[in-house]
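Listed here are the chains, written in short residue letters.
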Amino acid sequence: MKPDLFQAPDYYNLDELLTDEHKMVRDATREFVKREVSPIIEEAAQKAEFPKQLIKGLAEIGAFGPYIPEEYGGAGLDQISYGLIMQEIERGDSGIRSTASVQSSLVMYPIFKYGTEEQKKKFLPKLASGEMIGCFGLTEPDHGSNPGGMTTNFKEKGDHYLLNGAKMWISNSPFADIAIVWAKNEDGRIHGLIVERGMEGFTTPETHNKWSLRASATGELIFDNVKVPKENLMPNKTGLGAPLGCLDSARYGIAWGAIGAAMDCYDTALRYAKEREQFGVPIASKQLQQKKLAEMITEITKAQLMAWRLGTLRNEGKATSAQISMAKRNNVEMAIKIAREARQVLGGMGITGEYSIMRHMMNLESVITYEGTHDIHILITGLDITGHAAF
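Calculation criteria
- The residue numbers shown here count from 1 along each chain, following its written sequence.
- Selection of residues for local features in this predicted model requires a pLDDT of at least 70, selection of side-chain atom pairs for listing and counting requires 80 or more, and totals for whole chains, interfaces and linings are taken over all residues.
- Each side-chain value is worked out from all heavy atoms of the structure, with water and hydrogens disregarded.
- Counting from the N terminus, the helices are the DSSP runs of H or I reaching at least four residues and the strands are the DSSP runs of E reaching at least two.
- Partly exposed residues are those whose accessible area sits between 20% and 50% of the maximum for their type, while under 20% is buried and over 50% is exposed, using a 1.4 Å probe and protein chains only.
- Should any heavy atoms of two residues lie within 4.5 Å, those residues are counted as being in contact.
- Every accessible area reported is derived by Shrake-Rupley at a probe size of 1.4 Å, with residue values counting cover from the shown protein chains alone.
- For the charge count, each Lys or Arg is scored as positive and each Asp or Glu as negative, with His and the chain ends excluded.
- By convention, charge coordinates are those of NZ in Lys, CZ in Arg, CG in Asp, or CD in Glu.
- An axis is simply a line fitted to the C-alpha atoms; with a helix, the fit covers only the stretch in contact. Between two such axes, the angle follows the N-to-C directions and lies from 0 to 180 degrees.
- Throughout, the term roughly parallel applies to angles under 35 degrees, roughly antiparallel to angles over 145, roughly perpendicular to angles from 65 to 115, and oblique to all others.
- Gly falls in the polar group here, along with every residue not listed as nonpolar (Ala, Val, Leu, Ile, Met, Phe, Trp, Tyr, Cys, Pro) or charged (Asp, Glu, Lys, Arg).
- For our purposes a nonpolar core is just a set of buried Ala, Val, Leu, Ile, Met, Phe, Trp, Tyr and Cys residues, chained together by side-chain atoms within 4.5 Å.
- UniProt positions are given in the numbering used here, feature names are shortened, and annotations may be inferred rather than shown by experiment.
- To estimate the expected span of a helix, subtract one from its residue number and multiply by 1.5 Å.
- Two N or O atoms form a polar contact when they lie within 3.5 Å of each other; inside protein one atom must be a possible hydrogen donor and the other a possible acceptor, and for residues adjacent in sequence the pair counts only when both atoms belong to side chains.

Quick look at the overall build of the chain
Of the regular secondary structure elements, the chain holds 10 helices and 10 strands. Taken along its principal axes, the extent of the C-alpha atoms in the chain is 80 × 45 × 40 Å. Considering the chain as a whole, with its 391 residues, one finds that 55% of them fall into the buried category. Of all intrachain contacts in the chain linking residues separated by at least 6 positions in sequence, the fraction that spans at least 24 positions is 75%. Of the roughly 17000 Å² that the chain leaves accessible, carbon and sulfur atoms contribute 51%. Separation of charge centres in the chain, based on 44 positive and 50 negative side chains, amounts to 3 Å.

Quick notes on unusual backbone geometry
Phi is positive for N13, which is not a glycine, with a value near 55°. In this structure, N13 sits in the segment before α1 (20-47). In this structure, N225 takes a positive phi of about 55° despite not being glycine. Relative to the assigned elements, N225 resides in strand β7 (residues 218-229).

So, the packing of helix α3 (residues 79-92) against helix α4 (residues 94-114)
Pairs of packed helices are described in terms of their axes, by the angle between the two and the distance that separates them. It is at 7 Å that the axes of α3 and α4 come closest, and there the two elements cross at 150°. One finds that α3 runs roughly antiparallel with respect to α4. Taken together, the residues of α4 that come into contact with α3 (itself represented by Y82, M86, I89 and E90) are S94, I96, R97, A100, S101, S104 and S105. Broken down by class, the residue content of the contact of α3 with α4 amounts to 5 nonpolar, 4 polar and 2 charged.

A short note on the nonpolar core
Counting residues in each nonpolar core, the largest one holds 99 residues, and the members touching the most others are L58, I111, L127 and W182. Examining the composition of this core, we find that 18 residues originate from one element, helix α6 (residues 241-275), more than from any other. In terms of nonpolar packing, the next biggest core, distinct from the first, is built from 18 residues, I170, L193, V228 and L233 among them.

Focus: the UniProt feature "domain: Acyl-CoA dehydrogenase/oxidase C-terminal" (unreviewed entry) in the chain
Taking the numbering used here, the UniProt-annotated feature "domain: Acyl-CoA dehydrogenase/oxidase C-terminal" (unreviewed entry) corresponds to residues 239-380. This span, residues 239-380, is 75% helix and 3% strand, and a straight line between its end C-alpha atoms measures 19 Å.

What to know about α3
Over its 14 residues, α3 extends 20 Å from the first C-alpha to the last, a length consistent with the 20 Å expected when each residue adds 1.5 Å. When you tally the buried positions in α3, you get 14 out of 14 residues, the bulk of the element. The distance from a side-chain oxygen at the start of α3 to the backbone nitrogen of I80 is 3.4 Å, and the residue carrying that oxygen is D78.

Structure below.
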């Protein structure tokens, strides 16, 4: 087992833009990743197993709902703190960040924003502590980039609703205790329902044979005449804007998280280039390797500045959905390009599990597609600047 020697790049002294609290939160997460994630993540990925033993530690460092108020079990942190936590966790592995991101932005966020006081008190403290794990059901087998076309539906049946349909590509679903499910009522209006493990007709088959996010549990949500109590409907926002508001928070976290994956690939490639000798000198002394590394640190620095500015706008309540889309698209594309270049710096060693790069590269192939595909995000920017929808 190789020691985790990661050193975070900060070429433009961005630490000077962070508060002491930001740095404390980031450093605590970084230490957790070095101590708990790095030693086990390669084996977990090779075995395609989610390391459930990490859940308690993730909760202890505040990775579940960090911006949720303390009265509901959260840490009451700001948006930049949330971003830094996601950055450090994804530096360890995108799949582990996905678990934390889903729990925070796609489960706790909608309950906090759209739920009743009773729902907040019942679920949020247990989700924050990791006692409960949640998942988010929006994507369907036939409706991905067009979630408004969903066919999952519920009908009123006296004291309960009857839910039918299916969702797929759902992170955490195989072991989730609750699912935030988006479905249409009899009038075709989209609502959010809290579906609990154990409700008759609710099953969560796992998705196997993945080449990406192998240390993350992915599955389906199947609803076959599931009776959902009326008190489990979240009443404070309806329509497609409700789940899209959750996706804004998740996409924001991804914009930071992708930086972590890129930083890890860059740091690995830089250290390898300094140590690896060919023709009697370190390969870091060669122009082509320096070009690769110089371009990597340039793109990471640009992404760091974009994420920090977006976090500042989020803190001020000024960030738009289109701005979040731009950052998610840019930063994930940046990360996946850096992973590919870093792999080349390592040559054949880059494909082995002795180094993290190939695992990051495979993971990022999912990150570039989920929470809005790469192509859809460019069209969101196109819509924002032209006023014309191309989708």
